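Examining the three-dimensional arrangement
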Amino acid sequence: MRALISVSDKTGIVEFAKELNNLGIEIVSTGGTYNKLKEAGLPVIGISEVTGFPECLDGRVKTLHPKIHAGLLAMRSNPEHMAQVKELNVDLIDIVVVNLYPFKQTIMKPDVTLEDAIENIDIGGPTMLRAAAKNYQDVSVIIDPADYEQVLSELKENNRVSVKTNFYLAAKVFNHTAYYDTMIANYLKDKAGLPKYPDTISMTFEKVQEMRYGENPHQAAAFYKEVGDNSGMLTGIEQLHGKELSFNNINDTHGALELLKEYDEPTVVACKHSNPCGVASGKDIYEAYTKAYSTDPVSIFGGIVCANRVIDKATAEEMSKIFLEIILAPGFDDDAFEILAKKKNIRLLKLDNIERKQPETAFDVKKVSGGILIQDIDNKLLGDELKVVTDRAPSPEEMEDLLFTWKIVKYTKSNGIAIGKNKQSIGVGPGQVNRIWATEQAIDHGTKQLGADAVKGAALASDAFFPFDDCVEAAAKAGITCIIQPGGSVRDQDSIDACNKHGIAMVFTGMRHFRH
């Protein structure tokens with residue numbers, strides 16, 4: 001038997017090759033792998049001895065030769081193949097151990113050039129892998145050091161690797177080469193200016209973890225990350241304490257984190273089922289948390305809390321008074337961590353560079369029956385300019401409240417309404433089938449929780465336009481003094497007239513934020 005070994009990841013390769021040698025298997029190798037095996041004292045045949053042709057073009061051409069690929073692709077059960085390889089003096093290759101040039105590691109370097117990336121596109125490696133995998137009935141092909149043990153075990157026991165194992169290994173190969181090619185295609189697509197939405201699209205992700213289940217216990221699930229720089233992203237978190245994150249934990253935290261990134265000053269976002277239930281900014285993170293908590297102390301129970309400043313002792317003491325699923329922050333003071341880590345069921349997550357937003361090239365992907373919908377992420381807040389459409393313009397304080405609240409409604413499920421004042425959410429009405437119900441819910445919540453005075457003088461934000469003036473009338477009745485909404489309804493004037501009648505200032509953003 002003969003094995004061809006050419007690996008970029010040399011983990012365990014010397015030990016594996018020694019075992020093959022002990023089994024009497026001849027080893028052929030190339031380049032750096034050849035040198036490493038030779039240094040270990042193993043008898044190794046250089047690839048040029050097999051092909052009769054030197055490695056050339058700075059190593060670009062080593063294994064692209066009929067004596068290699070005929071040895072891989074010849075079907076042992078086909079008499080014509082066997083006769084032909086004998087006639088051509090081709091030795092069969094029974095085991096291929098190959099992993100590819102580190103393209104991913106190369107493109108993740110901050111100073112990488114296009115030339116460097118191109119040089120790290122493996123040509124011979126994927127070709128050998130695909131050839132060996134195609135002929136899995138006769139050839140064992142290994143890309144993962146984790147599979148060395150299984151292959152050796154079967155060789156020692158049966159003097160061959162089973163077809164079942166070979167088929168498993170071949171399937172891993174095609175999954176791996178698809179991932180590798182997709183990385184290259186997406187990198188070059190961006191560099192070459194190909195359309196963002198081409199006729200065909202491939203995406204590649206790396207598994208972070210398998211999950212106990214998905215949204216519901218009967219649904220299997222896993223968490224994957226994009227290839228590239230994940231600093232500041234949810235996939236870049238460091239879990240400091242608590243049990244493994246669930247599917248719903250991750251999904252809910254995503255919504256809270258994306259909203260948090262809209263704010264620069266000390267801010268806390270509390271979230272439940274992907275909807276904000278308490279949002280506040282303050283002079284420090286303690287004030288921000290206490291304000292966010294007071295907005296809705298019922299919904300925050302068992303919820304997600306994200307903060308954009310390090311959690312200190314005083315804030316931790318307040319947080320520890322209730323059950324929280326997750327606290328995510330740039331860090332925790334030693335005293336704060338000690339306090340919170342006493343709670344067995346809380347998950348403490350650290351995220352560096354927490355203010356970093358998703359790149360503009362990012363996609364938002366939704367699964368639908370038989371396909372997917374892909375769109376740009378909603379990474380804008382306002383249109384070209386705010387337009388005051390009422391007789392009265394907002395005061396500077398009202399404008400501050402309007403913009404604060406507009407950020408909240410952007411991350412509220414549609415139909416969504418948010419009410420805010422003094423850098424604090426007052427009431428949120430998410431996910432209603434009509435806008436007046438969302439408005440009434442937000443007003444009702446704010447009134448019951450914080451009192452009618454909290455709603456009076458507050459700002460109201462709507463994620464989409466008002467089709468009727470009923471929301472304005474409800475706002476006026478509650479004492480709300482300013483409104484922010486996209487505008488664009490054929491009946492905008494009805495709402496404008498209603499605002500003027502009640503002395504409410506209203507501004508149009510020119511930008512809608514549906515969130516389904």
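Residues numbered from 1 in each chain as written. Predicted model: local features only at pLDDT ≥ 70, side-chain atom pairs only at ≥ 80, totals over all residues. Heavy atoms only, no water.

In this section: the overall build of the protein. Scanning the protein for helices and strands turns up 19 helices and 21 strands. In terms of C-alpha radius of gyration, the protein reaches 31 Å, well past the compact-globule figure of 24 Å for 516 residues. Across its three principal directions, the C-alpha atoms of the protein cover 95 × 55 × 45 Å. The buried share among the 516 residues of the protein stands at 45%. In the protein, of all internal contacts separated by at least 6 residues, the share reaching a separation of at least 24 is 56%. When the accessible area of the protein is evaluated, it comes to approximately 25,200 Å², of which 50% is carbon and sulfur surface. Considering the protein, the positive charge centre built from 57 side chains and the negative charge centre built from 72 side chains are found 3 Å apart. (Helix = DSSP H or I, 4+ residues; strand = E, 2+ residues; numbered from the N terminus. Rg over C-alpha atoms; globule rule 2.2 N^0.38 Å. Buried < 20%, exposed > 50% of the residue type's maximum accessible area, 1.4 Å probe, protein only. Contact = heavy atoms within 4.5 Å. Areas by Shrake-Rupley, 256 points an atom, 1.4 Å probe, with all protein chains shown as cover. Lys, Arg positive; Asp, Glu negative; His and termini not counted. Charge placed at Lys NZ, Arg CZ, Asp CG, Glu CD.)

Of all the seven residues making up strand S10 (residues 275-281), seven are buried; the element is thus mostly covered by neighbouring parts of the structure. As defined by bridge partners, strand S9 (residues 267-272) adjoins S10 across six bridges and the pair is classed as antiparallel. Opposite Val-268, over in S10, you have Ala-280 as the bridge partner. In textbook terms, the turn of a hairpin is the stretch between consecutive antiparallel strands, and for S9 and S10 this stretch comprises two residues, one of which, His-273, has a positive phi near 50 degrees. (Pairing = 2+ DSSP bridges.)

This paragraph deals with the environment of Pro-396. Turning to its location among the elements, Pro-396 is positioned in helix H15 (residues 396-410). Judged by relative accessible area, Pro-396 falls into the exposed class, the value being 67%.

Now for the packing of helix H4 (residues 66-73) against helix H8 (residues 124-134). Between H4 and H8, the shortest axis-to-axis distance is 8 Å and the interhelical angle comes to 30 degrees. Considered as vectors, H4 and H8 are oriented roughly parallel to each other. Across from Ile-68, His-69, Leu-72 and Leu-73 in H4, the residues of H8 making contact are Thr-127, Met-128, Ala-131, Ala-132 and Lys-134. (Axes fitted to C-alpha atoms, helices over the stretch in contact; angles between N-to-C directions. Parallel < 35°, antiparallel > 145°, perpendicular 65-115°, else oblique.)

So, on to the side chain of Thr-315. Its place among the elements puts Thr-315 in helix H13 (residues 313-319). Classification of Thr-315 by relative accessible area gives buried; the value is 0%. Of note is the side chain of Thr-315, whose polar atom sits 2.6 Å from the side chain of Asp-312. Other than its neighbours up to four places away in sequence, Thr-315 contacts Ile-285, Tyr-286 and Tyr-289. (Polar contact = N/O pair within 3.5 Å; in protein donor to acceptor, adjacent residues only side chain to side chain.)

Turning to the sheet that holds strand S3 (residues 45-46), a few remarks are in order. Here we have five strands laid out as an open sheet, ordered S3-S2-S1-S4-S5, and parallel in their pairing. In this open sheet, the two strands that pair with only one neighbour each are S3 and strand S5 (140-142). Here two bridges tie strand S2 (residues 26-29) to S3, and the two strands are oriented parallel to one another. Across the sheet, Ser-29 pairs through a bridge with Gly-46, a residue of S3. Packed on one face of the sheet, H8 meets strand S1 (2-6), strand S4 (95-98) and S5 and runs near 145 degrees to S4.

So, on to the sheet that holds strand S13 (residues 347-350). The mixed open sheet is built from six strands, whose spatial order is S8-S13-S12-S11-S9-S10. Across the chains shown, the open sheet's two edge strands, defined by having one partner strand only, are strand S8 (238-241) and S10. In this sheet, neighbouring strand axes are inclined to one another by 20 degrees on average, regardless of whether the strands run parallel or antiparallel. Where S9 lies against strand S11 (residues 304-307), four bridges are found, and the strand directions are antiparallel.

A complete count under the given rule lists eight aromatic pairs for this structure. With centroids separated by 4.3 Å and ring planes inclined at 15 degrees, the aromatic side chains of Phe-16 and Tyr-148 adopt a geometry described as stacked. Residue Phe-16 is located in helix H1 (residues 13-22), and its partner Tyr-148 is located in helix H9 (residues 148-158); the two are separated by 132 residues in the primary sequence. Each member of the pair Phe-16 and Tyr-148 is classed as buried. Plain terms: the ring middles of Phe-103 and Tyr-187 are 5.7 Å apart, the flat faces sit at 85 degrees to each other, and that makes the pair edge-to-face. Of the two residues, Phe-103 is situated in helix H6 (residues 103-107) and Tyr-187 in helix H10 (residues 163-192); the sequence distance between them amounts to 84 residues. Take Phe-103: its relative accessible area is 1%, and that puts it in the buried class. For Tyr-187, a relative accessible area of 12% gives the class buried. (Phe/Tyr/Trp six-rings, centres within 6.5 Å; stacked < 30°, edge-to-face > 60°.)

Counting through the fold element by element, Thr-267 comes out in strand S9. Setting aside residues up to four positions removed in sequence, Thr-267 forms contacts with Leu-260, Val-279, Ala-280, Ser-281, Ile-285, Ala-288, Cys-306, Ala-307 and Asn-308. Polar contacts involving the side chain of Thr-267 include one to the main-chain carbonyl oxygen of Glu-265, which spans 2.8 Å.

Turning our attention to the nonpolar core. Counting residues in each nonpolar core, the largest one holds 36 residues, and the members touching the most others are Leu-257, Val-279, Leu-328 and Ile-408. Leaving out residues up to four positions away in the same chain, Leu-328 has contacts with Leu-234, Ile-237, Thr-253, Leu-257, Val-305, Cys-306, Ala-307, Leu-349, Leu-351 and Ile-354. Grouped together as the second largest cluster of nonpolar side chains are 29 residues, Val-50, Val-98, Ile-184 and Tyr-187 included. (Core = buried A, V, L, I, M, F, W, Y, C linked by side-chain atoms within 4.5 Å.)

Counting across every chain of the model gives 23 salt bridges. Glu-473 serves as the salt-bridge partner of Lys-501, at 3.1 Å between the closest nitrogen and oxygen. Highlighted residues: Lys-501 in helix H19 (residues 492-502) and Glu-473 in helix H18 (residues 470-478), separated in sequence by 28 residues. (Salt bridge = Lys/Arg side-chain N within 4 Å of Asp/Glu carboxyl O.)

So, on to H8. Side chains of residues three or four places apart in an α-helix project in the same direction, reflecting 3.6 residues per turn. By the criterion of burial, H8 is predominantly enclosed, with eight of the eleven residues buried. Three or more residues of H8 are buried, namely Gly-124, Gly-125, Pro-126, Met-128, Leu-129, Ala-131, Ala-132 and Ala-133. Against S1, H4, S4, S5 and H10 lie the buried residues of H8.

Before going further, it helps to examine the packing of H8 against H10. H10 packs onto H8 with a crossing angle of 150 degrees between their chain directions and a minimal axis gap of 9 Å. Compared by their axis directions, H8 and H10 come out roughly antiparallel. Of the two elements, H8 crosses H10, and the hand of that crossing is left-handed. Listed contacts from H10 to Pro-126, Leu-129, Arg-130, Ala-133 and Lys-134 of H8 are Ala-170, Val-173, Phe-174, Thr-177 and Tyr-180. (Left-handed = near helix turned anticlockwise from the far one by under 90°.)

With that settled, the discussion passes to the side chain of Lys-261. Structurally, Lys-261 can be placed in the loop between helix H11 (247-260) and S9. Glu-258 is the oppositely charged side chain nearest to the buried, salt-bridge-free Lys-261, at an N-O distance of 5.0 Å. At 2.7 Å, the side chain of Lys-261 and the backbone oxygen of Ile-354 are in polar contact. Setting aside anything within four residues of it in sequence, one finds Lys-261 in contact with Gly-232, Met-233, Asn-353, Ile-354, Glu-355, Arg-356 and Lys-357.

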